[in-house]
Amino acid sequence: NTVNVAASLNVARVSELQDLSVNLVLSREIFKNSSISVGGLQLFASEKISDAPFHTYYVAFSHAVQSVKPKRPGFAALSYTIGFGTGRFLLKSPWDVAAGKGKYGTGVFGSISYEILKQVNINAEWCGLNLGFSTGFRPIKNNNLTIGLGIYNVTKYTGDRAGFIATVGLPVSLDRKSIYR
C-alpha cells in the first residue's frame, strides 16, 4: 500500500489575496474500502488576520460502503468519515466565547456522503463545532473538475448565522492513469 499526500492552499480573502494558509494530509488504505488519515489544516496562517490563528491537527477513519449500489461502477455510493481533531474541530472563535457559547466544541467530527446521481453527491458534516450540508458535482463528463456548494453553521452552537461556501477543485494525480472517469 502507498501513502497518499494531499496539499492545498487556502485563500480566505480572495478579493485581496490575503489570509493564506496550507492544508497537508497523509492517508493510507488500512484494509479493503477503509483508510486512515492524519493531517494539518490552516498551517502557516497569520495570527493577525486569520480566523484560524491556531493550527489544526487531526486523525480520521473513512469507509466506502460497498453494499449500496453506485451509479458509477468502481466507486462507492455511500461513504463516511469519523475523526478527532484540535484547532478548528475543537476551539470556538473569540466571538463565540464573547457571546457566551463556551470555549470548546466536541473535537469529534464526522461526515456522510451519498451519490444521488452519476457525478453528483450530497453530504452532511459535523465539524466538531457545527453542522453543514453540501453537494459536490463534476459538470464535465470524463473530467476531474469538481464544484462544491454548501451551507455551514446551520445550528446556533457556534457562529452568528449560517453561511454559504463554494469551492472549485481539480485533483491532479502524479500517476498517469486517471481513476476519476
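Here we summarise the structure given alongside this text. (Residues numbered from 1 in each chain as written. Predicted model: local features only at pLDDT ≥ 70, side-chain atom pairs only at ≥ 80, totals over all residues. Heavy atoms only, no water.)

### Quick notes on the overall build of the protein
Formally: Only runs of H or I of at least four residues qualify as helices and only runs of E of at least two qualify as strands under DSSP, and these elements are numbered from the N terminus. Here the globule rule reads 2.2 Å times residues to the power 0.38, and the radius of gyration is calculated from C-alpha atoms. Working rule for contacts: check all heavy atoms of both residues, and any pair within 4.5 Å makes them a contact.
In terms of helices and strands, the protein carries one helix and 10 strands. Scanning the protein from its N terminus toward the C terminus, one meets helices and strands in the order β-β-β-β-β-α-β-β-β-β-β. A globule of 181 residues ought to have a C-alpha radius of gyration of about 16 Å, and the protein, at 17 Å, matches this closely. With the C-alpha coordinates of the protein rotated into their principal frame, the extents come out at 50 × 30 × 30 Å. Within the protein, contacts between residues separated by at least 24 positions form 37% of all contacts whose residues are at least 6 apart in sequence.

### A look at the pattern of salt bridges
Opposite charge on two side chains permits pairing when their charged atoms draw close. The condition that has to hold: Should a side-chain nitrogen of Lys or Arg be within 4 Å of a carboxyl oxygen of Asp or Glu, the pair is scored as a salt bridge. To sort residues, take the accessible area from a 1.4 Å probe on protein chains only and compare it with the maximum for the residue type: under 20% means buried, over 50% means exposed, and anything in between is partly exposed.
Within this structure, the stated rule accounts for two salt bridges. One salt bridge in this structure joins R161 and D160, with 3.3 Å as the shortest N-O distance. Look at D160 and you get exposed, because its relative accessible area is 60%.

### Side note on the packing of aromatic side chains
Spelled out, the test is: Aromatic rings from Phe, Tyr and Trp, taking only the six-membered ring of Trp, are treated as a pair when their centres fall within 6.5 Å; an angle between ring planes under 30 degrees marks them as stacked, one over 60 as edge-to-face, and anything in between as tilted.
Under the definition given, this model contains five aromatic pairs. Both rings, one in Y58 and one in F109, keep their centres 5.8 Å apart while their planes meet at 80°; by these two values the pair is edge-to-face. You can see Y58 sitting in strand β4 (residues 56-65) and its partner F109 sitting in strand β6 (residues 108-117), a full 51 residues away along the chain. Each of the two residues, Y58 as well as F109, counts as buried. Judged by centre distance (5.9 Å) and plane angle (40°), the rings of W126 and Y157 are tilted. Of the two residues, W126 sits in strand β7 (residues 120-126) while Y157 sits in the loop between β9 (146-152) and β10 (163-169), which places them 31 residues apart along the sequence. Residue W126 is classed as partly exposed on the basis of its relative accessible area, which comes to 27%. By relative accessible area, Y157 is classed as partly exposed at 32%.

### Here's the deal with the environment of A99
Of note, A99 is situated in the loop between α1 (94-98) and β6. A C-alpha to C-alpha distance of 26 Å links A99 and G110, two positions 11 residues apart in sequence.

### Some details on a nonpolar patch on the surface
As a reminder of what qualifies: Residues enter patches when they are more than 30% accessible in relative terms and free of salt bridges; like-charged ones are connected within 9 Å and nonpolar ones (Val, Leu, Ile, Met, Phe, Trp, Tyr) within 5 Å. Each accessible area is a Shrake-Rupley estimate made with a 1.4 Å probe; only the visible protein chains count as cover when residues are assessed.
On the surface, a cluster of nonpolar side chains totalling about 1,000 Å² of accessible area is made up of V3, V5, L24, L26, I30, F31, I36, V38, V59, I82, F84 and V108. Of all elements in the fold, only β2 (18-31), β3 (34-43) and β5 (78-85) reach the threshold of two or more residues within the nonpolar patch. Tallying contributions element by element places β2 first for the nonpolar patch, with four residues. Its place among the elements puts L24 in strand β2.

### Concerning the sheet that holds strand β8 (residues 131-137)
Within a beta sheet, neighbouring strands are joined by backbone hydrogen bonds and run either parallel or antiparallel to one another. Test applied: One requirement defines pairing of two strands: DSSP has to find at least two bridges between them. Orientation is described by lines fitted to C-alpha atoms, with helices fitted over the stretch in contact, and by angles between N-to-C directions that extend from 0 to 180 degrees.
Here 10 strands make up an open sheet; going across it, the order is β1-β2-β3-β4-β5-β6-β7-β8-β9-β10 and the pairing antiparallel. Looking at which strands have only one partner, the edges of the open sheet turn out to be β1 (4-13) and β10. Across the sheet, the mean angle separating the axes of adjacent strands is 20° when strand polarity is ignored. Two strands pair when backbone bridges link them, and β3 and β4 are joined in this way by eight bridges, in the antiparallel orientation. The residue of β4 that forms the bridge with V38 is V59.

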